[in-house]
Amino acid sequence: PHELEYIKDRKAFAFSGLARNDDFRSTVESFECDLRGFMGFPDHHWYSEDDFNSIFCSAEDTAADILLTTEKDFARFSHKIQCPVDLLVIGIQIFFGDDESAFNAFIKNRLE
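Just so you know, these numbers come straight off a predicted model, no measurement behind them.

Digging into the overall build of the protein
- Along the protein, the regular secondary structure elements total five helices and four strands.
- Along the protein, helices (α) and strands (β) appear in the sequence α-β-α-β-α-β-α-β-α when read from the amino end.
- For the C-alpha atoms alone, the extent of the protein along its principal axes is close to 50 × 30 × 20 Å.
- The contacts in the protein between residues at least 6 apart in sequence include a share of 60% that link residues at least 24 apart.
- As displayed, the protein offers around 7,500 Å² of accessible surface, 50% of which is attributable to carbon and sulfur atoms.
- Looking at charge distribution, the protein has the averaged site of its 11 positive side-chain charges lying 3 Å from that of its 22 negative ones.

This is the structure in structure tokens:
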């Protein structure tokens, strides 16, 4: 995808507030960027000014030129901050493969 080309070989600093921050970190590591650092917060974390100061200082200390975070996190702070470097928001898509029709039937039955 186009977005992955945008971050390939760039110096990145990532952060997230998820139940499984390590999964997001592993996803970012698969993007072929130069992950300089990562900061994980508790699930459903509401970011404070101090949190962003820590994130921005850590990114600067590692010479990162792009920040990466999740859609879920971005929704909690998008109206609060201005990033000093590029910010890329990573979305997720659920894929059930061959089980998608079975999953859809399960949901439909539950809703009825």
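What about the side chain of serine 16?
- Mapped onto the fold, serine 16 is located in strand β1 (residues 11-17).
- Polar side-chain contacts of serine 16 include one of 2.5 Å to the side chain of asparagine 21.
- If sequence neighbours within four positions are ignored, serine 16 has contacts with Asn21, Phe24, Phe38, Met39, Gly40, Phe41, Tyr47, Thr69, Thr70 and Asp73.

Details of the pairing of strand β2 (residues 34-41)
- Across seven bridges, β1 lies against β2 in parallel orientation. Bridge pairing links phenylalanine 15 to methionine 39 in β2.

Focus on the sheet that holds strand β3 (residues 66-70)
- If you walk across this open sheet you meet the four strands as β2-β1-β3-β4, and the pairing is parallel. A strand with exactly one partner marks an edge of an open sheet, and here the two such strands are β2 and β4 (86-90). Adjacent strand axes in the sheet meet at a mean angle of 20°, parallel and antiparallel pairs treated alike.
- As paired strands, β1 and β3 are joined by three bridges and run parallel to one another. If you follow phenylalanine 13 over to β3, its bridge partner there is leucine 67.

Some words on the nonpolar core
- Counting residues in hydrophobic clusters, the biggest one holds 13 residues, and the most contacted among them are Phe24, Val28 and Leu68.
- Elements supplying a minimum of two residues to this core: β1, α2 (21-29), β3 and β4.
- If sequence neighbours within four positions are ignored, valine 28 has contacts with Ala14, Cys33, Leu35 and Leu68.

Some thoughts on the environment of asparagine 53
- Along the chain, asparagine 53 falls in helix α3 (residues 49-61).
- Classification of asparagine 53 by relative accessible area gives partly exposed; the value is 39%.
- Residues asparagine 53 and isoleucine 7, 46 residues apart in the sequence, show an inter-C-alpha distance of 23 Å.

Considering the side chain of asparagine 21
- Inspection of the secondary structure puts asparagine 21 in helix α2.
- Once you skip the residues sitting within four places of it in the chain, asparagine 21 turns out to touch Ser16, Phe38, Gly40 and Phe41.

What counts as what
- Residues numbered from 1 in each chain as written.
- Predicted model: local features only at pLDDT ≥ 70, side-chain atom pairs only at ≥ 80, totals over all residues.
- Heavy atoms only, no water.
- Helix = DSSP H or I, 4+ residues; strand = E, 2+ residues; numbered from the N terminus.
- Contact = heavy atoms within 4.5 Å.
- Areas by Shrake-Rupley, 256 points an atom, 1.4 Å probe, with all protein chains shown as cover.
- Lys, Arg positive; Asp, Glu negative; His and termini not counted.
- Charge placed at Lys NZ, Arg CZ, Asp CG, Glu CD.
- Polar contact = N/O pair within 3.5 Å; in protein donor to acceptor, adjacent residues only side chain to side chain.
- Pairing = 2+ DSSP bridges.
- Axes fitted to C-alpha atoms, helices over the stretch in contact; angles between N-to-C directions.
- Core = buried A, V, L, I, M, F, W, Y, C linked by side-chain atoms within 4.5 Å.
- Buried < 20%, exposed > 50% of the residue type's maximum accessible area, 1.4 Å probe, protein only.

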